[in-house]
Amino acid sequence: MKQTHFTPELWEQRLYEVAKAVLIEKLGTSSHCDSDEALTEEVEESIEVAIKFIDIFKDVSEFRMGCKVWED
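I will try to describe carefully the structure that is included in this document. Owing to the predicted nature of the structure, the values given are computational and were not obtained by experimental measurement.

The helix and strand inventory of the protein stands at 2 helices and 0 strands. Counting across all 72 residues of the protein, residues that qualify as buried make up 24%. For the protein, long-range pairs separated by at least 24 residues make up 60% of all intrachain contacts whose partners lie at least 6 apart in sequence. Taken as a whole, the protein presents about 5800 Å² of accessible surface, with 57% of it coming from carbon and sulfur.

In structure tokens:
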């Protein structure tokens, strides 16, 4: 099996991509007003979702590759 290891920079890029996609979706369905505070809240929630997604994805990737490159 060919193994591909993402560098921390590649994981960070994936985190950005997921957070951006989540934010776009949230803004399209948001009932918040257009205040800076509401936008900041939406951005923070999008980042939290992305972090959780990437953490789980890393665990799955490590298991499937049979290695523990990303252990803390």
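Still more to cover.
Over its 22 residues, helix α1 (residues 8-29) extends 32 Å from the first C-alpha to the last, a length consistent with the 32 Å expected when each residue adds 1.5 Å. Buried within α1 we find Trp11, Leu15, Val18, Ala19, Val22 and Leu23. Along the long axis of α1, the arc covered by the buried residues comes to 135 degrees, so they all point the same way. For α1, the exposed residues set more than 90 degrees away from the buried face come down to Glu9, Ile24 and Gly28.

The rules behind each value
Residues numbered from 1 in each chain as written. Predicted model: local features only at pLDDT ≥ 70, side-chain atom pairs only at ≥ 80, totals over all residues. Heavy atoms only, no water. Helix = DSSP H or I, 4+ residues; strand = E, 2+ residues; numbered from the N terminus. Buried < 20%, exposed > 50% of the residue type's maximum accessible area, 1.4 Å probe, protein only. Contact = heavy atoms within 4.5 Å. Areas by Shrake-Rupley, 256 points an atom, 1.4 Å probe, with all protein chains shown as cover. Expected span 1.5 Å × (residues − 1). Arc of directions from axis to C-beta.

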